[in-house]
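# Residue-level structure breakdown
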Amino acid sequence: IPLQFENTAVFKEGLCWVKKDGQLQLIDGKGQIKLNTSYTNANNYENGVAIVVNEQNKYGVIDKNGNLILPLEYDYLNQIDDNTIIIGYAENWAKLDMELNR
């Protein structure tokens, strides 16, 4: 992969978050762009999903195709194991599975 990015993460699950011209993108092992995003930050993929953050500093979860699994509406979101997340919205916190079940 040629040196063309401002910032890179590590490859996880065959994908890597990179920043080019201020834009967060997702590339594969050949350097091919898989997603162009407007997100300001993103975690590495774990079990096929990644936590992302938008310009309003709201958290959500996407799959490898960029589809939202959890909407970008949470003040805090952290994946703690394969199927469990902690979400925060205003002053409320919850421990949920990826289908939003308690």
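Rules and cut-offs
Residues numbered from 1 in each chain as written. Predicted model: local features only at pLDDT ≥ 70, side-chain atom pairs only at ≥ 80, totals over all residues. Heavy atoms only, no water. Buried < 20%, exposed > 50% of the residue type's maximum accessible area, 1.4 Å probe, protein only. Helix = DSSP H or I, 4+ residues; strand = E, 2+ residues; numbered from the N terminus. Pairing = 2+ DSSP bridges. Core = buried A, V, L, I, M, F, W, Y, C linked by side-chain atoms within 4.5 Å. Contact = heavy atoms within 4.5 Å.

Counting buried positions along strand 3 (residues 23–28) yields five of six residues, so the element is predominantly enclosed. Strand direction decides the pairing type here: strand 2 (residues 15–20) and strand 3, joined by six bridges, are antiparallel. Counterpart to W17 in the pairing with strand 3 is L26. Counting the residues in the hairpin turn of strand 2 and strand 3 gives two residues, including D21, whose phi is positive at 55°. As judged from the three bridges shared by strand 3 and strand 4 (residues 33–36), these two strands associate in the antiparallel manner. Looking across to strand 4, one finds that Q25 is bridged to N36. Taken together, strand 3 and the strand that follows it, strand 4, pair antiparallel across an intervening segment of four residues, in which G31 is found at a positive phi of about 85°.

Moving on, we come to the nonpolar core. A general feature of soluble globular proteins is that nonpolar side chains tend to end up buried together. By size, the foremost hydrophobic cluster in this structure holds eleven residues: L15, W17, L24, L26, L35, Y39, A42, Y45, A50, V52 and I62. Mapped onto this core, the elements with two or more residues apiece are strand 2, strand 3 and strand 6 (49–53). Those residues in contact with L24 that lie beyond four places of it in its chain are W17, V18, K19, L35, N36, T37, Y39, T40, N41 and A42. Listed in part, the ten residues of the second largest apolar core include V49, L70, L77 and L96.

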